[in-house]
Amino acid sequence: MKKILLIILCLFNFVIAGAQFYKALVPSPAFNDSLTKVVIDFRNNFKKIQGKELIPQAGMEVFQSKIGLPGALHCTIYRFHSKIDTTASWQAIMYDGEDYEEAKKIYINTFRLVNKSRIRWIDRSIAAFSGEMEKPDGNITFSNSMLQLNVSDPRYKNFFAEIEMTSGYNGWEVHLNLHSKKDDTDE
């Protein structure tokens, strides 16, 4: 009887641990929903989620985003003063601090969350991001991973989720950028 009870207890713990393990690998519904809202509003050049204007920077206007991602410190929309490319860029600051290991952990986790997110598209189909992660290296001050959205909408032809980990005077930052990015070889 004790052996059967022990087996049942072990199986129960395995099921509970498996569920927790699964939850750690999949983005939360809040993350997935927020990311979907931002990605869908790229069609409107992020106008519907644009909040109050912040302090402008050289060559661009900066706005607070009405939609933020869980875990982000703050989210902004950048409107560049360019006659060639009039698309805006959306950015979430996921980490800002001095701890390299923490920045690396958040960089990898942000990549994983975006890569595992499923975007419910306008036609009710499911879209996803795909790409390869550049592994961070403590000897290099910059890591950059690009994920492209797999949709047939021509407006999203050059749309990417870009995760960056950068080092500066104040330590490390991890950004998630959602924007249109043409290949450097394109004219």
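Residues numbered from 1 in each chain as written. Predicted model: local features only at pLDDT ≥ 70, side-chain atom pairs only at ≥ 80, totals over all residues. Heavy atoms only, no water.

Here the focus is the overall build of the protein chain. Counting secondary structure elements, the protein chain contains three helices and nine strands. In sequence order, the secondary structure elements of the protein chain are arranged as α-α-β-β-β-β-α-β-β-β-β-β. Relative to its full complement of 187 residues, the protein chain shows a buried share of 41%. The long-range share in the protein chain, meaning contacts at least 24 apart out of those at least 6 apart in sequence, stands at 46%. Within the structure as shown, the protein chain displays about 11,800 Å² of accessible surface, and the carbon and sulfur contribution to it stands at 57%. (Helix = DSSP H or I, 4+ residues; strand = E, 2+ residues; numbered from the N terminus. Buried < 20%, exposed > 50% of the residue type's maximum accessible area, 1.4 Å probe, protein only. Contact = heavy atoms within 4.5 Å. Areas by Shrake-Rupley, 256 points an atom, 1.4 Å probe, with all protein chains shown as cover.)

The next point concerns the pairing of strand β2 (residues 60-65). Pairing of strand β1 (residues 50-53) with β2 involves two bridges; the strand directions are antiparallel. Within the sheet, the bridge partner assigned to Q50 lies in β2 and is S65. In sequence, β1 turns back onto β2 through a hairpin of six residues, with G59 there showing a positive phi of about 80°. Here β2 pairs with strand β3 (residues 74-80) via five bridges, running antiparallel. By the bridge assignment for β3, F63 is matched with I77. (Pairing = 2+ DSSP bridges.)

Attention now moves to the side chain of S180. Tracing the backbone shows S180 in strand β9 (residues 171-180). Aside from chain neighbours lying at most four places away, what touches S180 is F42, D85, T87, N158 and F159.

A word on the pairing of strand β7 (residues 142-149). One ladder, built from two bridges, connects strand β6 (residues 126-130) with β7; its direction is antiparallel. Each bridged residue has a counterpart across the sheet, and for F129 the counterpart in β7 is L149. Two strands pair when backbone bridges link them, and β7 and strand β8 (residues 159-168) are joined in this way by seven bridges, in the antiparallel orientation. Bridging across to β8, F142 finds its partner in T166.

A few words now on the packing of aromatic side chains. In this description, a pair of aromatic rings is defined by centroid distance and the angle of the planes. Evaluated as defined, the whole model comprises eight aromatic pairs. With a centroid separation of 5.2 Å and 75° between ring planes, the pair formed by Y156 and F159 is classed as edge-to-face. Owing to a relative accessible area of 1%, Y156 belongs among the buried residues under this scheme. (Phe/Tyr/Trp six-rings, centres within 6.5 Å; stacked < 30°, edge-to-face > 60°.)

Here we take up helix α2 (residues 29-41). An ideal rise of 1.5 Å per residue puts 18 Å on 13 residues; α2 measures up with 18 Å between its terminal C-alpha atoms. Three or more residues of α2 are buried, namely F31, N32, S34, L35, T36, V38, V39, I40 and D41. (Expected span 1.5 Å × (residues − 1).)

Let us look at helix α3 (residues 100-116). A rise of 1.5 Å per residue sets the reference length of α3, with its 17 residues, at 24 Å; its end C-alpha atoms lie 24 Å apart and thus fit the reference within 8%. Those residues of α3 that fall on the buried side of the exposure criterion are Y100, A103, I106, Y107, T110, F111, L113 and V114. Down the axis, α3 shows its buried residues gathered within 165° of arc, on one side only. Residues of α3 that are buried sit in contact with α2, β4 (89-97), β6, β7, β8 and β9. A side-chain oxygen of the first residue of α3 lies 3.0 Å from the backbone nitrogen of E101; this N-cap is D99. (Arc of directions from axis to C-beta. Polar contact = N/O pair within 3.5 Å; in protein donor to acceptor, adjacent residues only side chain to side chain.)

Moving on, we get to the sheet that holds β2. The strand order across the open sheet built from nine strands is β1-β2-β3-β4-β9-β8-β7-β6-β5, with neighbouring strands paired in antiparallel fashion. Single-partner strands in this sheet number two, and they are β1 and β5 (118-120). Taken pair by pair, the neighbouring strands of this sheet meet at an average axis angle of 30°, ignoring direction. Of the strands in this sheet, β4, β5, β6, β7, β8 and β9 are in contact with α2, which crosses β5 at around 55°. Contacts from α3 reach β4, β5, β6, β7, β8 and β9, with the element oriented near 180° to β8. (Axes fitted to C-alpha atoms, helices over the stretch in contact; angles between N-to-C directions.)

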